[in-house]
Amino acid sequence: MEIQDISDDIDVKVKKYQRGESADLEALKDKKLKGQLANREDLYKKSANAAAKAEKWLMQTEGGRLESEGFEKTWRFSQQSIAQEVDVASRKNQFDIVLPDLGPYTIDYTSSGRYMVTAGCKGHLAIMDLHTMKPIKDFQVRETVRDVVFLHNELFFAAAQKKYTYIYNNAGTELHCLKEHGAVLKLQFLKNHFLLSSINKFGHLHYQDITTGQMVGNYRSGLGRSDVLQVNPYNSVVTSGHSGGTISMWKPTSAASLVKMLCHRGPVTAIAFHPNGHLMATAGMDKKLKIWDLRKYEALQTLPGHAKSLDFSQKGLLAASTGSFIQILANSSDSQNYDRYMIHTMVKGYQIQKSRFRPYEDVLGIGHSMGLSSILVPGSGEPNFDSWVANPFETLKQRREKEVRLLLDKLPPESIILDPTKIGTLRNPNKIQKATKEEKEAEKAAAIAAAKSGPQKKKTKGRSKPSKVAKKKQEGVEKAKRPFAEENKHEVVSKKKQKRITEANELPKALQPFVSRKSS
Amino acid sequence: MAETKRNKAIAPAKRRKGGKEKNWKKGPHLPNALKKELDSINPTNDQQIRSDDDIDVYEYEEKIPDEESKKNRRYDPVDNFEYQLPKDFEDEDVPSDDDDEEEEGAQKGDSDEDDDSDDGKHVRMLQDITGLPGDAFEGKKKKKNDVVIFEAYPESEYNPSRDVLDGDGRITVDDLLNPLHGKPGFSKIRKDVQRMDRKSVSIQPPLPKPQQEKVDRRSTFVYSKKKLSEYEALVKKNREAPTIYFDEDIDVGYSTVGAIASEFRPRTEFEKKMDSLINAKELSEAHKGDGARLLELNKISVEDVKERQDRLAKMRNLLFRHELKSKRIKHIKSKTYRRLLKKDKSKAAATEIEMNPEAAKELAEKQEFKRAEERLTLKHKNTSKWAKRIKKRGFDVQDDGTRAAISEQLQQHALLTRKRDSMHDDSSSDDSSEEDDDDISGDEDDASKLKLLEIGKKRTLEVLDEDDEMPKSGVLSLPFMVRGQKKKKEAADEEARLALQEFDSSLKQLEGDDDVKGNVGFLSGRKVFGAQKKQVPKSKAKVNNTDNYFDNTDSEDDADTIEDVDDKHGRMNYTQKDVNIDPNILRDESEIGHDSLFKSFDDISKDSGPKITYEVSLSATNSKKKKRNMKDSNQAKSEKKAKNKKSQVAELASEKDTAIIEHGDDDSDTDGETRMVDGIITSGTDYELPSQDDLIRRAFAGDDVEEDFEMSKQEIMNEENPEPEKPVLVPGWGQWTHIQKKRGLPSWMLAEHERAKKKRDEDLKRRPDAHLKHVIISEKVDKKAEKLQTKTLPYPFKDKEHFERSNRMPLGPEFNPATTIGALNRPEVVKKPGVSIKPIKLKK
């Protein structure tokens with residue numbers, strides 16, 4: 001029985017690592033290709049098996065959850081009761097830091113979950129090592145700080161301040177002042193692409209490459225001020241929420257939004273993405289919290305309630321906070337539907353600014369008006385960390401090596417597309433867009449203008465007579481016009497051909513060959 | 001003996017030919033009729049005789065009388081009518097046809113005809129019986145050979161018969177064997193020969209060559225096919241293998257320099273010498289010792305030292321002289337000398353091109369080509385007509401010029417055909433001259449500036465003075481145009497004057513009296529600026545515009561002035577950067593939360609932008625001035641601020657329904673600021689509740705959200721799939737008769753429109769967001785991302801699915817276990833570098 005279970009388990013994992021079925025090789029006529037592909041498939045299978053086994057034996061820790069017995073409801077468990085049950089190391093993660101003066105705090109974690117950066121609205125910036133529970137640096141910038149994010153590691157972070165965005169290092173030294181971003185309301189860091197994206201007061205979206213400092217994209221959202229910006233970890237598409245109840249998804253290489261969705265009837269207040277990239281949660285002023293399937297762009301679930309901050313954990317729990325109240329939603333193992341899993345209430349009057357799950361820990365960090373809090377949410381974090389991806393116990397050397405590796409693996413900004421699995425596949429032939437008539441005309445006009453105003457060579461005596469110059473100019477203009485005329489001709493010809501074909505199609509089959517070219 | 005026999009064999013044949021009408025036979029002489037009878041009874045008579053001959057029985061051989069053998073023609077020819085054949089005469093060579101012929105020849109005349117007629121009858125009969133055409137039976141009939149050859153000369157040694165020439169008079173084995181008769185071993189040989197005769201099979205003639213080759217090839221093919229098919233399994237295995245390994249177990253040998261060096265053996269003479277010196281016993285021992293011995297070995301003879309010293313002294317002396325010389329040259333002040341030097345230098349520059357390796361290479365190639373050409377054509381070596389003529393006439397007669405020309409040509413030839421020499425240049429003289437030049441250029445810098453300024457001034461003055469005559473006719477003479485032009489001209493003049501002032505000031509500055517006059521200049525300049533502030537940029541634009549009008553009169557000057565102006569701005573651009581102020585920043589300074597207000601402010605700031613930069617650009621020459629201008633601009637800013645505030649108030653009053661919701665954030669921002677100005681931070685726990693208005697606005701904000709969204713979706717759809725243009729007639733087309741009007745638009749136009757419409761509908765239906773009301777998915781193609789997808793399927797793949805599925809697995813080490821990563825990424829061929837691949841070998 002046990003063995004059966006294990007083999008089933010492994011089968012599931014093997015399937016996961018095979019990443020889909022192979023194509024039907026029997027249908028192939030090319031024997032050589034068939035042989036080659038069969039070879040590859042064998043290798044893939046082997047690799048998947050090995051990976052599944054490695055996962056089985058090396059990643060033994062499993063995530064747990066609160067489980068209730070009988071009448072009990074999981075959301076009835078308070079933090080105190082949880083604290084009594086857990087080990088000392090975990091209890092250490094329950095804490096409150098009271099910082100009453102510098103206003104609502106916003107927080108961010110590094111991808112390993114070891115370091116936390118917090119920013120008080122009134123200019124307090126601090127980095128903390130959560131293993132030792134010691135602040136690494138704590139300083140004041142004496143102006144409004146609206147958002148803060150870590151860059152690729154704990155050494156650098158960006159803070160959106162009153163006028164500009166600044167990049168600091170972990171010693172609190174200002175490294176860069178990003179003036180072009182304007183007065184940024186929300187920052188996001190795209191860690192695979194090394195892009196810092198921001199949305200400012202005027203709804204302008206900026207993408208800046210932090211390795212080269214180059215401004216990759218600078219686009220108007222055209223939908224007014226927004227302080228909701230979230231990156232989808234699956235495809236690095238950045239999503240902004242707007243006052244019209246719409247959200248729009250952006251990539252750094254196009255000025256038009258990829259997708260625009262009407263999610264709420266009031267302004268959108270928060271967006272969060274599931275780590276697998278298929279689920280999105282949005283909250284609006286219309287007192288609704290919606291969970292969307294991004295593959296179909298349909299709402300899976302609509303829940304009541306406000307939310308000022310939303311966050312998905314690594315294991316897919318959803319934290320929604322509003323006022324001084326936090327609700328954690330979870331989907332049961334058998335269904336997709338999210339329902340209430342835990343609740344937590346702060347002291348009345350505390351305004352929660354931001355709640356974020358800490359990676360690789362069952363912890364939810366909360367930034368609020370009176371400082372910082374951290375509560376335990378069993379089953380939220382990924383229990384097994386991959387030191388190639390993020391290592392909470394990273395040494396100095398490892399960090400350095402990882403930085404180099406990350407830089408080598410940096411992806412170009414154009415690789416951000418809605419469906420990243422499309423990279424390397426065959427392009428859809430009917431997607432090739434033709435320039436519209438206006439565009440063509442504009443192009444033609446530009447070409448002619450260029451030909452007219454182009455630099456005239458000063459030639460020797462007699463060669464630059466006005467008549468000759470004029471003639472040459474005219475020739476240039478004609479030359480510039482020619483390709484467009486040719487294009488037109490092609491079009492005309494193709495139209496004629498099409499007409500003939502359609503005519504031919506209208507006739508009965510037997511008569512089709514007799515349609516003459518000249519008749520049309 | 002053999003000789004005689006042979007003669008005998010030949011002689012009868014000759015004779016037979018000679019006497020055509022006679023039938024020579026051996027044996028007793030018989031009358032013809034009788035012989036005929038005998039023949040009919042026993043046709044194989046001849047063979048029998050031959051077989052008799054084979055059986056070797058001794059027979060008496062009658063000698064031929066000498067007269068008859070015609071030896072040496074010692075005897076008169078005798079008509080020998082009664083001649084008898086020798087007994088051993090063989091008739092084997094006579095073809096049967098001949099017999100017939102001879103027989104028939106005897107009774108020619110009527111018998112021949114008879115035969116023919118007989119045959120005709122027979123054929124006719126057969127035809128009648130069988131009903132087949134006569135031709136079918138004619139095949140049976142023997143072909144008649146009725147050719148009779150007459151010899152022109154009597155047969156003799158000098159006129160051999162045809163048979164002999166054809167090779168019929170062959171030597172048989174018997175002929176060769178006979179002389180051996182009676183010798184020991186003869187019987188054995190004879191037996192062998194007999195045996196061979198008995199068993200002998202006729203030998204086929206060899207096949208024709210192409211056929212033979214074909215057969216050979218076929219056999220070769222079969223053989224090699226068999227041979228090669230042994231490899232089949234091996235080749236198949238290699239073909240199917242994902243990776244082929246070559247020569248895995250070869251030891252490449254040394255891998256380090258040290259290892260290679262340790263294996264070094266001296267081979268050449270020089271190497272051996274060096275080796276013997278380095279590894280000399282004395283030396284190695286000396287090294288082992290305390291060093292005293294080494295010192296001994298170091299001893300140098302006195303002569304050597306002296307020689308060395310002398311050499312060094314000489315070199316030093318030369319160097320010193322050279323230095324002196326160069327110093328002297330440096331002090332020369334003659335202008336002509338310098339000019340000549342410059343010329344030389346320019347020449348040297350040409351040689352310097354050669355220092356550039358590419359150019360040098362090119363030059364060398366060219367030279368080589370020329371040399372080759374010259375060597376080929378010898379164009380300059382007195383080969384021309386002219387040169388030849390002169391040569392013919394003699395050199396002494398020519399005048400000096402011609403002689404010189406000739407000699408020059410010859411020299412050219414020598415120059416061209418000479419092997420290319422290495423280039424040498426005088427580096428020392430170059431150096432000195434360069435230094436001089438540097439000094440001059442340093443001085444020049446200022447001078448050129450001055451000159452530039454003066455030129456600019458002159459030009460502007462010209463513009464000012466230029467009172468261009470007003471056009472008397474045409475569009476430009478219209479009163480409003482004239483007025484406009486006048487205005488423009490005024491503005492241009494203003495501008496020019498400004499520029500002039502600036503030129504003056506900078507000129508003065510350059511001349512040194514910068515204290516007082518410069519200030520005055522500034523003052524005057526500033527005055528104008530203050531008054532003109534708003535007009536300045538406009539006027540500049542106008543200057544640009546006027547360009548067009550002046551075009552027909554004198555465009556060059558105008559262009560120059562404008563260029564000057566442009567130049568000026570270009571030069572001073574760097575200052576602009578310093579004070580270049582973003583509209584964003586300006587906005588922040590004023591700290592206004594409303595977007596609508598920003599718009600208005602935006603406009604203002606846009607206007608102000610160029611003004612500020614202009615001020616700053618003009619002040620670039622002096623830092624003092626710059627500061628002042630900065631102050632100015634600050635003042636301007638503050639003014640603007642005030643203005644903005646006013647306008648803001650006005651806007652607030654006028655626009656009550658601002659669509660954009662103000663967030664609580666902003667309030668706190670400003671709060672925070674006010675608090676932090678003092679540096680004392682008071683607690684900020686008290687939150688302002690949103691006002692009632694705000695709440696109501698929020699509540700009703702989403703009223704028409706859906707409609708808005710639908711509209712925007714429609715817009716985007718129209719943009720991405722534009723609606724087809726409505727068909728329109730070209731104005732005036734077909735309207736002069738009213739037929740077209742009555743008919744309406746031509747049907748093809750309507751059809752086209754219809755088709756375009758249909759296509760658009762289809763496209764819209766095909767959109768991914770066609771059935772999703774609340775979603776707009778952009779269909780715009782991202783050109784940059786296009787490179788991430790393939791346009792065509794790569795070669796072996798025929799369909800999309802197989803290709804895409806084959807790519808689904810990542811191959812990196814991050815995604816695969818270490819045990820399989822090697823196999824996944826192994827190359828197709830694994831071989832050691834530097835090891836040649838040997839041909840395939842069959843393993844059994």
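Residues numbered from 1 in each chain as written. Chains lettered and ligands numbered in written order. Predicted model: local features only at pLDDT ≥ 70, side-chain atom pairs only at ≥ 80, totals over all residues. Heavy atoms only, no water.

Observations regarding the overall build of chain B
Phase 1 of the analysis: The number of helices and strands found in chain B is 36 helices and three strands.
Phase 2 of the analysis: Contacts in chain B between residues far apart in sequence, at least 24 positions, make up 66% of those at least 6 positions apart.
Phase 3 of the analysis: Of the accessible surface of chain B, which amounts to about 65,600 Å², a share of 54% is contributed by carbon and sulfur atoms. (Helix = DSSP H or I, 4+ residues; strand = E, 2+ residues; numbered from the N terminus. Contact = heavy atoms within 4.5 Å. Areas by Shrake-Rupley, 256 points an atom, 1.4 Å probe, with all protein chains shown as cover.)

Some thoughts on the nonpolar core
Phase 1 of the analysis: Counting residues in hydrophobic clusters, the biggest one holds 30 residues, and the most contacted among them are Tyr207(A), Ile247(A), Val259(A), Met261(A), Met280(A) and Tyr297(A).
Phase 2 of the analysis: Of all the secondary-structure elements, those providing two or more residues to this core are strand 11 (195-200), strand 12 (204-209), strand 13 (215-220), strand 14 (228-231), strand 16 (246-250), strand 17 (259-262) and strand 18 (268-273) of chain A together with strand 2 (775-777) of chain B.
Phase 3 of the analysis: Excluding its chain neighbours within four sequence positions, the residues that come into contact with Ile247(A) are Thr239(A), Ser240(A), Gly241(A), His242(A), Val259(A), Lys260(A), Met261(A), Cys263(A), Val268(A), Ile271(A), Met280(A) and Thr282(A).
Phase 4 of the analysis: Within the second largest apolar cluster, 20 residues are counted, among which are Ile352(A), Phe357(A), Met370(A) and Val377(A). (Core = buried A, V, L, I, M, F, W, Y, C linked by side-chain atoms within 4.5 Å. Buried < 20%, exposed > 50% of the residue type's maximum accessible area, 1.4 Å probe, protein only.)

Remarks on the sheet that holds strand 24 (residues 325-331) of chain A
Residue and element names in this part refer to chain A.
Phase 1 of the analysis: Pairing is antiparallel in the open sheet, where four strands are placed in the order 22-23-24-25. The strands lining the two open edges of the sheet, one partner per strand, are strand 22 (309-312) and strand 25 (338-345). Pairs of neighbouring strands in the sheet enclose a mean axial angle of 20°, with direction left out of account.
Phase 2 of the analysis: Pairing analysis gives five bridges linking strand 23 (residues 318-322) to strand 24, with the strands arranged antiparallel. (Pairing = 2+ DSSP bridges. Axes fitted to C-alpha atoms, helices over the stretch in contact; angles between N-to-C directions.)

Some points on the packing of aromatic side chains
Residues and elements named next belong to chain A.
Phase 1 of the analysis: Enumeration according to the criterion identifies nine aromatic pairs over all chains in this entry.
Phase 2 of the analysis: Ring geometry for Tyr360 and Phe385: centres 6.4 Å apart, planes at 80°, overall edge-to-face. Note that Tyr360 is positioned in the loop between strand 26 (352-358) and strand 27 (363-368) and Phe385 in the loop between strand 28 (371-376) and helix 5 (396-408), a separation of 25 residues in sequence.
Phase 3 of the analysis: What makes Tyr360 buried here is its relative accessible area of 17%.
Phase 4 of the analysis: Taking the relative accessible area as the measure of exposure, Phe385 reaches 35% and is therefore partly exposed.
Phase 5 of the analysis: Ring-pair connections join several aromatic residues into one group, and the members of that group are Phe139, Phe157, Tyr164, Tyr166 and Tyr168.
Phase 6 of the analysis: Above the ring of Tyr341, the side-chain terminus of Arg65 is found at 5.8 Å from the ring centroid. (Phe/Tyr/Trp six-rings, centres within 6.5 Å; stacked < 30°, edge-to-face > 60°. Lys NZ or Arg CZ within 6 Å of the ring centre and 35° of its normal.)

Some remarks on helix 32 (residues 705-720) of chain B
What sets the pattern is the α-helix's 3.6 residues per turn: residues three or four places apart point alike.
Residue and element names in this part refer to chain B.
Phase 1 of the analysis: With 16 residues, helix 32 should reach 22 Å at 1.5 Å per residue; the first-to-last C-alpha distance of 22 Å fits that figure.
Phase 2 of the analysis: Within the span of helix 32, buried status applies to Val705, Phe709, Ser712, Lys713, Ile716, Met717 and Glu720. Looking straight down helix 32, one finds its buried side chains confined to an arc of 140°; they lie on one side. Seen from the open side of helix 32, the exposed residues pointing more than 90 degrees away from its buried face are Glu707, Met711 and Glu715. (Expected span 1.5 Å × (residues − 1). Arc of directions from axis to C-beta.)

Notes on a negative patch on the surface
Phase 1 of the analysis: Judged by side-chain charge, Glu438(A), Glu439(A), Glu441(A), Glu443(A), Glu487(A) and Glu725(B) come together as a negatively charged surface patch.
Phase 2 of the analysis: For the negative patch, the leading source of residues is helix 6 (residues 437-453) of chain A, giving four residues.
Phase 3 of the analysis: Assignment of secondary structure puts Glu487(A) in helix 7 (residues 466-506). (Patch = residues over 30% accessible without salt bridge, like charges linked within 9 Å, V, L, I, M, F, W, Y side chains within 5 Å. Salt bridge = Lys/Arg side-chain N within 4 Å of Asp/Glu carboxyl O. Lys, Arg positive; Asp, Glu negative; His and termini not counted. Charge placed at Lys NZ, Arg CZ, Asp CG, Glu CD.)

Here's the deal with the pairing of strand 21 (residues 298-304) of chain A
Phase 1 of the analysis: Two strands pair when backbone bridges link them, and strand 20 (residues 288-293) of chain A and strand 21 of chain A are joined in this way by six bridges, in the antiparallel orientation. Across the sheet, the residue bridging to Lys288(A) is Pro304(A), located in strand 21 of chain A.

Points about the interface of chain A and chain B
How large an interface is tends to be reported as the accessible area lost when its parts come together.
Phase 1 of the analysis: Of the residues lining the interface, 81 residues belong to chain A; the matching set on chain B comes to 78 residues.
Phase 2 of the analysis: Across the interface of chain A and chain B, roughly 7,200 Å² is buried in total on both sides, 56% from carbon and sulfur atoms.
Phase 3 of the analysis: Taken as a group, Arg225(A), Leu426(A) and Arg427(A) account for 11% of the area that chain A buries against chain B, more than any other trio of residues on that side.
Phase 4 of the analysis: Where chain A meets chain B, there are four salt bridges.
Phase 5 of the analysis: Two residues, Arg808(B) and Glu41(A), come together in a salt bridge whose shortest N-O distance is 3.2 Å.
Phase 6 of the analysis: At the junction of chain A with chain B, the criterion picks out 24 residue pairs in polar contact (both at pLDDT 80 or more).
Phase 7 of the analysis: At the level of elements, helix 1 (2-18), helix 2 (31-58), strand 17, helix 6 and helix 7 of chain A are the ones that each hand at least two residues to the side of chain A that touches chain B. (Buried area = accessible area lost by both parts, 1.4 Å probe. Polar contact = N/O pair within 3.5 Å; in protein donor to acceptor, adjacent residues only side chain to side chain.)

Considering the side chain of Glu154(A)
Residue and element names in this part refer to chain A.
Phase 1 of the analysis: Considering the arrangement of structural elements, one finds Glu154 in the loop between strand 6 (145-150) and strand 7 (156-161).
Phase 2 of the analysis: Here Arg399 takes part through its side chain, which lies 3.1 Å from a polar atom of the side chain of Glu154.
Phase 3 of the analysis: Ignoring anything within four residues of it in the chain, the contact list for Glu154 reads Thr110, Tyr115, Ile127, Asn170 and Arg399.

Overview of a positive patch on the surface
Phase 1 of the analysis: On the surface, Lys457(A), Lys459(A), Arg463(A), Lys465(A), Lys468(A), Lys471(A) and Lys472(A) cluster together into a patch of positive charge.
Phase 2 of the analysis: Within the secondary structure, Lys465(A) sits in the loop between helix 6 and helix 7.

Here we look at unusual backbone geometry
Residue and element names in this part refer to chain A.
Phase 1 of the analysis: You will see that Ser236, though not glycine, has its phi angle at about 60°, which is positive.
Phase 2 of the analysis: When you line up the elements, Ser236 lands in the loop between strand 14 and strand 15 (238-241).
Phase 3 of the analysis: Note on Ser236: relative accessible area 7%, which makes it buried.
Phase 4 of the analysis: Here Lys287, not a glycine, exhibits a phi torsion of approximately 65°, which is positive.
Phase 5 of the analysis: If you trace the backbone, Lys287 turns up in the loop between strand 19 (279-284) and strand 20.

Describing the pairing of strand 13 of chain A
Residue and element names in this part refer to chain A.
Phase 1 of the analysis: Bridging between strand 12 and strand 13 involves five bridges; their strand directions are antiparallel. Across the sheet, Tyr207 pairs through a bridge with Gly217, a residue of strand 13.
Phase 2 of the analysis: The turn joining strand 12 and strand 13, which pair antiparallel and follow one another in sequence, is formed by five residues; a positive phi near 80° is taken by Gly213.

A look at the side chain of Asn232(A)
Residue and element names in this part refer to chain A.
Phase 1 of the analysis: Among the secondary structure elements, Asn232 is positioned in the loop between strand 14 and strand 15.
Phase 2 of the analysis: Within the structure, Asn232 has its side chain in polar contact with the side chain of Asn235 (distance 3.3 Å).
Phase 3 of the analysis: Not counting residues up to four positions away in its chain, the partners in contact with Asn232 are Val237, Phe273, Gly277 and Leu294.

Brief notes about the pattern of salt bridges
Pairs may arise between side chains of opposite charge once their charged atoms sit close together.
Residue and element names in this part refer to chain A.
Phase 1 of the analysis: This structure, assessed with the given rule, holds 26 salt bridges over all chains.
Phase 2 of the analysis: We note a salt bridge from Lys34 to Glu26, for which the minimum N-O separation is 3.9 Å.
Phase 3 of the analysis: What makes Lys34 partly exposed here is its relative accessible area of 25%.
Phase 4 of the analysis: Using a relative accessible area of 61% as the deciding quantity, one classes Glu26 as exposed.
Phase 5 of the analysis: Beyond isolated ion pairs, a larger network of salt bridges with shared partners links Asp108, Asp311 and Arg356.

Notes on the confidence of the model for chain B
Residue and element names in this part refer to chain B.
Phase 1 of the analysis: Of the residues in chain B, 52% have a pLDDT of 70 or more, and the chain-wide mean is 67.
Phase 2 of the analysis: Across chain B, the secondary-structure element scoring lowest on mean pLDDT is helix 24 (residues 516-532), at 38, and the one scoring highest is helix 17 (residues 302-331), at 94.
Phase 3 of the analysis: Across residues 421-444, confidence stays below pLDDT 50; counting only partners more than four residues off in sequence or on other chains, it has eleven contacts. (pLDDT = per-residue confidence, 0-100.)

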